[in-house]
Amino acid sequence: MKSAAKGSSRSAWLAHPVLSLMLAASWLLLQESVAVPQLLAAAVLGVVVPRMVHGFIGDGARPRSAKVALRFFFIVLWDILLSNLTVARLVLSPGARPQPAWVRVPLDVQHPNAIVLLATIITTTPGTVSCIVDEERREILVHALDCSDPEEMAMQIKQRYEAPLKEILG
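The structure reproduced in this document is the subject of the present report. Predicted, not measured: the structure shown is a model, and the values here were computed from it.

Cut-offs and rules
- Residues numbered from 1 in each chain as written.
- Predicted model: local features only at pLDDT ≥ 70, side-chain atom pairs only at ≥ 80, totals over all residues.
- Heavy atoms only, no water.
- Pairing = 2+ DSSP bridges.
- Helix = DSSP H or I, 4+ residues; strand = E, 2+ residues; numbered from the N terminus.
- Axes fitted to C-alpha atoms, helices over the stretch in contact; angles between N-to-C directions.
- Contact = heavy atoms within 4.5 Å.
- Buried < 20%, exposed > 50% of the residue type's maximum accessible area, 1.4 Å probe, protein only.
- Expected span 1.5 Å × (residues − 1).
- Bend = angle between axes of the 7 residues up to and from the residue.
- Salt bridge = Lys/Arg side-chain N within 4 Å of Asp/Glu carboxyl O.
- Core = buried A, V, L, I, M, F, W, Y, C linked by side-chain atoms within 4.5 Å.

Let's shift gears to the sheet that holds strand E2 (residues 128–134). Strands belonging to one sheet form pairs held by backbone hydrogen bonds; the direction of such a pair is parallel or antiparallel. The strand order across the open sheet built from three strands is E1-E3-E2, with neighbouring strands paired in antiparallel fashion. Of all strands in the sheet, those with a lone pairing partner are strand E1 (101–106) and E2, marking the two edges. Taken pair by pair, the neighbouring strands of this sheet meet at an average axis angle of 25°, ignoring direction. The pairing of E1 with strand E3 (residues 139–144) spans six bridges and is classified as antiparallel. Within E3, the position partnered with Trp-102 by the bridge is His-143. Seen against the sheet, helix H5 (residues 112–124) touches E2 and E3 and runs at an angle of roughly 155° to E2. Contacting E1, E2 and E3, helix H6 (residues 150–169) runs over the sheet at an angle of about 45° to E1.

Let us now look at the pairing of E3. Most of E3 is tucked away: five of the six residues are buried. Bridge count for E2 against E3 is six bridges, and the pairing is antiparallel. Along E3, the bridge assignment pairs Val-133 with Ile-140. Here E2 folds back onto E3 in antiparallel fashion, the turn holding four residues, of which Arg-138 has a positive phi close to 55°.

On to helix H3 (residues 36–57). For H3, built from 22 residues, the straight-helix expectation of 32 Å at 1.5 Å per residue is met to within 8% by its first-to-last C-alpha distance of 30 Å. The sharpest bend along H3 reaches about 35° and sits at Arg-51. For H3, every residue scored as buried is listed here: Gln-38, Ala-42, Gly-46, Pro-50 and His-54. If you follow the buried residues of H3, they end up packed against helix H2 (17–31). Two residues or fewer after H3 comes Gly-58, characterised by a positive phi angle close to 75°.

Turning our eyes to something else, we now look at the pattern of salt bridges. A complete count under the given rule lists six salt bridges for this structure. In this structure, the salt-bridge partner of Arg-160 is Asp-79, at a minimum N-O distance of 2.8 Å. Taken together, the residues Arg-160 in helix H6 and Asp-79 in helix H4 (residues 66–92) connect sequence positions 81 residues apart. Under the relative-accessibility criterion, Arg-160 is labelled partly exposed at 35%. A salt bridge links Asp-134 to Arg-137, with the nearest nitrogen and oxygen atoms 3.9 Å apart. By relative accessible area, Asp-134 is classed as partly exposed at 22%. Relative accessible area serves as the criterion here: at 54%, Arg-137 is assigned to the exposed category.

One finds Phe-72, Val-103, Leu-118, Ile-140, Val-142, Ile-157 and Tyr-161 to be the most contacted residues of the largest nonpolar core, which totals 25 residues. Those elements that place two or more of their residues in this core are H4, E1, H5, E3 and H6. Ranked by residues supplied to this core, first place goes to H6 with seven residues. Not counting the four nearest positions on each side in its chain, Val-142 is found in contact with Ala-101, Trp-102, Val-103, Val-105, Ile-122, Thr-128, Val-129 and Ile-157.

Rendered as structure tokens:
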């Protein structure tokens, strides 16, 4: 007889495939190596850690479109790289006059994992910090280091991040 916890998960060992891939990739990036021992360690981390925390985070969300998810991954990676360069230029330029701003980003996504991922992506992109996810107003309040047009920034966040997340997770 299956327990209720096991019956609700999609797979006993890979209930969180995205988390598994992210952990494995993060391990390899931190090790700066793709040698066999590092690949084995990444695989073990990618399988064991999500299994250990499954009781805390529940069932994982399955992407509806792996192709869109992969393309989205590279968009976010590119944006993180560009924003790192932009922030470095702002910080290192003696004449730079950043214009900090609070930006309200209305949420169209309903899926809780999509909202969490959106807030995480905003936070990991240098120059922006997701400060509050307001569930009542259905918006995220974002602090931007340099933003001359808050409405334009909100539109960019919605187009570049929220729309693909909505397509991937619903």
